[in-house]
Amino acid sequence: MNNEEMSMEWSYWKAVVRYGHVGKKKEISVARYLVMSEHSTMIDVMRVIDEMPGTKKRAVLSLRKIDVIEYIEGRRAEKENFFLQRLFDGKQAQ
């Protein structure tokens, strides 16, 4: 790790995201927790979400910055989410 990587600060985000592939014309909304560079904007986060597998068009229902504690708790909850476990087939959720 170089000095630039070590000094980088982070921003933490909670997004409620619409996923498809749960039946014809059906969807499920799931809270996702993301970490981005400190200068990331909501638009940057929305672009990342749009690239996630299984998301619907205009997938973001809500998006807000959170603190690191809420991020850690949210990531734990993601690991226990049955839909995300099935979506990623046992792989670490993105």
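Computed from a predicted model, the values in this text were never measured in an experiment.

Asker: Could you clarify how one ought to interpret unusual backbone geometry in this entry?
Answerer: Although it is not a glycine, Arg58 adopts a positive phi angle of roughly 50°. Along the chain, the position of Arg58 falls in strand β3 (residues 55-66).

Asker: Help me understand the packing of aromatic side chains in this model?
Answerer: When we look at a pair of aromatic rings, we describe it by the centre distance and by the angle of the planes. Counting across every chain of the model gives one aromatic pair. Ring centres of Tyr12 and Tyr71 lie 5.0 Å apart, and the angle between their planes is 45°; this geometry places the pair in the tilted category. In this pair, Tyr12 sits in strand β1 (residues 10-19) while Tyr71 sits in helix α3 (residues 68-80), placing the two residues 59 residues apart along the sequence.

Asker: Help me understand the pattern of salt bridges, please; the structure alone is not making it clear to me.
Answerer: Note on pairing: side chains with opposite charge can pair once their charged atoms come close. Applying the stated criterion to the full structure yields five salt bridges. The salt bridge partner of Glu78 is Arg32, with a shortest N-O separation of 2.9 Å. Linking Glu78 in helix α3 with Arg32 in strand β2 (residues 28-37), this pair joins segments that are 46 residues apart in sequence. Here Glu78 matches Arg32 in class, with each residue buried. It is possible to trace a salt-bridge network through shared partners that takes in Arg32, Arg75 and Glu78.

Asker: Explain α3 to me, please; I cannot follow it from the model alone.
Answerer: Count 3.6 residues to each turn of an α-helix, and residues three or four apart come out pointing the same way. Between the first and last C-alpha of α3 there are 19 Å, a value that for 13 residues agrees with the 18 Å anticipated at 1.5 Å per step. When we look at burial in α3, the residues that qualify are Tyr71, Gly74, Arg75 and Glu78. Buried residues of α3, seen end-on, are gathered within an arc of 105° and therefore sit on one face of the element. Residues of α3 that are exposed and point more than 90 degrees away from the buried face comprise Arg76 and Glu80. Looking at where α3 begins, the residue whose side-chain oxygen comes 3.2 Å from the main-chain nitrogen of Ile69 is Asp67.

Rules used throughout
Residues numbered from 1 in each chain as written. Predicted model: local features only at pLDDT ≥ 70, side-chain atom pairs only at ≥ 80, totals over all residues. Heavy atoms only, no water. Helix = DSSP H or I, 4+ residues; strand = E, 2+ residues; numbered from the N terminus. Phe/Tyr/Trp six-rings, centres within 6.5 Å; stacked < 30°, edge-to-face > 60°. Salt bridge = Lys/Arg side-chain N within 4 Å of Asp/Glu carboxyl O. Buried < 20%, exposed > 50% of the residue type's maximum accessible area, 1.4 Å probe, protein only. Expected span 1.5 Å × (residues − 1). Arc of directions from axis to C-beta. Polar contact = N/O pair within 3.5 Å; in protein donor to acceptor, adjacent residues only side chain to side chain.

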